[in-house]
Structures are given as C-alpha cells and as structure tokens.
Amino acid sequence: MQTLAGRNEKYLKSGINAQQSEIIFNEIKHYLETSEAYLEHDLSLPKLSVKLEFSTNIISQAINETGGLNFFDFINQYRVNKAKVLLGNIKIPISNIPYAAGFKSKTTFYSAFKRFCKCTPKEYRQTFAADNKH
C-alpha cells in the first residue's frame, strides 16, 4: 500500500529513505551490468549482499521499491535481455541459451522469457531474424 508521499508502507520504518533506496538500486544495476553477475546461475540475494556490502533487506528493499520487482524477477529480467541478444545469433541452438544467459533450467528460462517478452524464444528468434533480413 502506498502512502500519500508515494512510499510503500512497509518501508516507512526502514533504515533508508526513498532517495537512498534509489541510489542503492543504481549501484546494484551498475554492478550487475559491469560484472554480468546475473549470468551466475546460483546468484542469490545473500551472495549479492556480500558482493555489494549491503544487507539483504536493503538490497531487497531497493529492488522492490525502486525497481518494482522482486529479486528473482529483477535478475531474470537481465537474463532474458541477455537471452534476446543470444537469440540474435542463429548459430547458437535455442537449447543452449538458457544456461548461457544464467538460468538454472530450461523451464525457468521459458517461463521468464514468455513473461517478459510475451512470446517464446523461438517466436522471438523468428521475428528477430525476419526483422534483420531487410
């Protein structure tokens, strides 16, 4: 539930304010984008917490409050974006892409891909290949 100030009620008693949450969120994004840690299939909130030296609660809050996603959806969004790039290379079999993009399983990959892209990886590849023939 949002307060009049637009802040989620569950974070009102947090040790960080909304502005700090946004700064931490940007640090998380920067770390993930430069290190590509999302490609580690066993990346977890505690592991990210150790790398960034923030508590798991702070990282979770920053992702939830600023990014609007839970931790796993946030990480899977990065993985799906990587998969989209890999799908652009038709020499890479679709069956290899889940693991190359950081997913633990094909099932998780297909579910996340369909959720974020509204199509299957095969449909995405066909559309991408068709778009690049011009």
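See the structure above.
Residues numbered from 1 in each chain as written. Predicted model: local features only at pLDDT ≥ 70, side-chain atom pairs only at ≥ 80, totals over all residues. Heavy atoms only, no water.

Visitor: Is there a simple way to explain helix H1 (residues 18-35) in this structure?
Guide: Three- or four-residue spacings in an α-helix give side chains the same orientation, since the helix completes a turn every 3.6 residues. Taking 1.5 Å per residue, 18 residues should reach 26 Å; H1 reaches 26 Å between its end C-alpha atoms and fits that length. Taken as a whole, H1 has its buried residues at Ser21, Ile24, Phe25, Ile28, Tyr31 and Leu32. For H1, the buried positions fall inside an angular range of 125° around the axis, keeping them on one side. Exposed positions of H1 whose direction lies more than 90 degrees from the buried face are Gln19, His30 and Thr34. Close packing links the buried residues of H1 with helix H2 (45-52), helix H3 (56-67) and helix H4 (71-87). Downstream of H1 by one or two residues, Glu36 has phi in the positive range, about 55°. (Helix = DSSP H or I, 4+ residues; strand = E, 2+ residues; numbered from the N terminus. Expected span 1.5 Å × (residues − 1). Buried < 20%, exposed > 50% of the residue type's maximum accessible area, 1.4 Å probe, protein only. Arc of directions from axis to C-beta. Contact = heavy atoms within 4.5 Å.)

Visitor: Where do I start with the packing of aromatic side chains in this structure?
Guide: Any two aromatic rings considered together are summarised by their centre-to-centre distance and by the angle between their planes. Taken as a whole and judged by the stated rule, the model has nine aromatic pairs. Three or more aromatic residues joined by ring pairs form one cluster here, namely Phe103, Phe109, Tyr110, Phe113, Tyr124 and Phe128. The aromatic ring of Phe103 is capped on one face by Arg79, whose charged end is 5.9 Å from the ring centroid. Taking NZ or CZ as reference, Arg115 lies 5.2 Å from the ring centre of Phe116, over its face. (Phe/Tyr/Trp six-rings, centres within 6.5 Å; stacked < 30°, edge-to-face > 60°. Lys NZ or Arg CZ within 6 Å of the ring centre and 35° of its normal.)

Visitor: Looking at this structure, I do not really get H3. What am I missing?
Guide: When the terminal C-alpha atoms of H3 are compared, their 15 Å separation across twelve residues agrees well with the 16 Å that a helix rising 1.5 Å per residue should span. Of all the positions in H3, only Ile58, Ile59, Gln61, Ala62 and Ile63 are classed as buried. Its buried side turned inward, H3 meets H1, H2 and H4. Looking at the residues trailing H3, positive phi occurs at Gly68, about 70°.

Visitor: Hey, could you run me through the environment of Gly15 in this one?
Guide: Structurally, the position occupied by Gly15 is in the segment before H1. Spatially, the C-alpha atom of Gly15 lies 8.3 Å from that of Ile58, the residues being 43 residues apart in sequence.

Visitor: Help me out: how do you make sense of the packing of H1 against H4 in this one?
Guide: How two helices sit against one another is set out by the angle between their axes and by the gap between those axes. For the pair H1 and H4, the least separation of the axes is 12 Å and the interaxial angle reads 35°. Between H1 and H4 lies a crossing of right-handed hand. Across the interface between the two elements, Phe25, Ile28, Lys29, Leu32 and Glu33 from H1 touch Phe74, Ile75 and Tyr78 from H4. Tallied by class, the residues present in the contact of H1 with H4 amount to six nonpolar, no polar and two charged. (Axes fitted to C-alpha atoms, helices over the stretch in contact; angles between N-to-C directions. Left-handed = near helix turned anticlockwise from the far one by under 90°. Nonpolar A, V, L, I, M, F, W, Y, C, P; charged D, E, K, R; others polar.)

Visitor: Is there a simple way to think about unusual backbone geometry in this case?
Guide: Leaving glycine aside, a negative phi is the common case for residues, and trans is the common case for peptide bonds. With a phi angle near 55°, Glu36 is a residue other than glycine that sits in the positive phi range. Judged by its relative accessible area of 33%, Glu36 falls in the partly exposed class. The phi dihedral of Glu53 is positive, around 60°, even though this residue is not glycine. Checked against the element boundaries, Glu53 lands in the loop between H2 and H3. Taking relative accessible area as the criterion, Glu53 reaches 72% and is therefore assigned exposed.

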